[in-house]
Amino acid sequence: KAGVTQTPRYLIKTRGQQVTLSCSPISGHRSVSWYQQTPGQGLQFLFEYFSETQRNKGNFPGRFSGRQFSNSRSEMNVSTLELGDSALYLCASSPGFEGETQYFGPGTRLLVL
Amino acid sequence: KQEVTQIPAALSVPEGENLVLNCSFTDSAIYNLQWFRQDPGKGLTSLLLIQSSQREQTSGRLNASLDKSSGRSTLYIAASQPGDSATYLCAVINAGNNRKLIWGLGTSLAVNP
């Protein structure tokens, strides 16, 4: 099976702009989770989607949003970008049942200038 | 609030050494604990998953133990190789919130030939 793919891999934006990141899960997986990774804070959970519904949410401001499509592909959007949003954004997919391993994509590295 | 700590932050060892990475968590009410590996420019790879009812898991040269009552897990790597060089991350899922991984900051391992 193909792994989790994320596009784009690298992105440079300026403050105030918005950005959309895409994640395609492993075929058959219904759950997609998003994480932000920064050197200071490490990995932090953003949200999880399962069958097109947000099932779990982390402690990020409303500028961070997401959605999932019927084919389980997911997008994450960040509006009004701030310098502190510069990070590696990782998505992970899993079948969607309790406690199973999540499979991670390579990430999208976002730089906000 | 669950907090995950990994010690040491960085480790450099000669090839062939056996080594131990440590992970501690503040709330013992966890659903499971996972160890991941992160290589530069790549996503995260799940190494071992230990359910809360288990004491250890083994995969090849890797062995992870879990002591829930003391809030500790160790990852033992036998006969280290240069290819083991990577960042190792520990993450827990709290009981009752079984989708959100809470992460340590990782241990950066360098195995020197």
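Residues numbered from 1 in each chain as written. Chains lettered and ligands numbered in written order. Predicted model: local features only at pLDDT ≥ 70, side-chain atom pairs only at ≥ 80, totals over all residues. Heavy atoms only, no water.

## Looking at the sheet that holds strand 6 (residues 56–59) of chain B
Residue and element names in this part refer to chain B.
Line of reasoning, step 1. Spatial ordering of the open sheet is given by 1-3-8-7-6, a layout of 5 strands whose pairing is antiparallel. A single partner strand is all that each edge strand has here, and the edge strands are strand 1 (4–7) and strand 6. Taking each pair of neighbouring strands and ignoring which way they run, the sheet shows an average axis angle of 15 degrees.
Line of reasoning, step 2. Relative to strand 8 (residues 72–77), strand 7 (residues 62–67) runs antiparallel, the two being bridged by 6 bridges. Looking at strand 8, one finds that Asp-67 is bridged to Arg-72. (Pairing = 2+ DSSP bridges. Helix = DSSP H or I, 4+ residues; strand = E, 2+ residues; numbered from the N terminus. Axes fitted to C-alpha atoms, helices over the stretch in contact; angles between N-to-C directions.)

## Regarding the pattern of salt bridges
Line of reasoning, step 1. A complete count under the given rule lists 7 salt bridges over all chains for this structure.
Line of reasoning, step 2. Several salt bridges converge on common partners, so that one network encompasses A:Arg63, A:Glu82 and A:Asp85. (Salt bridge = Lys/Arg side-chain N within 4 Å of Asp/Glu carboxyl O.)

## Description of the interface of chain B and chain A
Line of reasoning, step 1. Residue-level contacts link 20 residues of chain B with 25 residues of chain A.
Line of reasoning, step 2. Linking chain B with chain A are 0 salt bridges, by the criterion used here.
Line of reasoning, step 3. Between chain B and chain A we count 1 residue pair in polar contact (both at pLDDT 80 or more) in total.
Line of reasoning, step 4. Put simply, the parts of the chain that give the side of chain B that touches chain A at least two residues each are strand 4 (30–38), strand 5 (44–51) and strand 10 (101–103) of chain B.
Line of reasoning, step 5. A total of 5 residues in the side of chain B that touches chain A trace back to one element, the largest contributor, which is strand 4 of chain B.
Line of reasoning, step 6. In the side of chain B that touches chain A, the residues fall into 8 nonpolar, 9 polar and 3 charged. (Contact = heavy atoms within 4.5 Å. Polar contact = N/O pair within 3.5 Å; in protein donor to acceptor, adjacent residues only side chain to side chain. Nonpolar A, V, L, I, M, F, W, Y, C, P; charged D, E, K, R; others polar.)

## Some points on the sheet that holds strand 3 (residues 19–24) of chain A
Residues and elements named next belong to chain A.
Line of reasoning, step 1. What the 4 strands build is an open sheet, ordered 1-3-8-7; its pairing is antiparallel. Only two strands of the sheet have a single partner each, and these edge strands are strand 1 (5–7) and strand 7 (64–68). Sheet twist, expressed as the mean angle between neighbouring strand axes with direction ignored, is 20 degrees.
Line of reasoning, step 2. By the bridge criterion, 3 bridges tie strand 1 to strand 3 in an arrangement that is antiparallel. Directly across from Thr-7, in strand 3, lies its bridge partner Ser-22.

Spatial relationships are all this shows, so hold off on functional conclusions.
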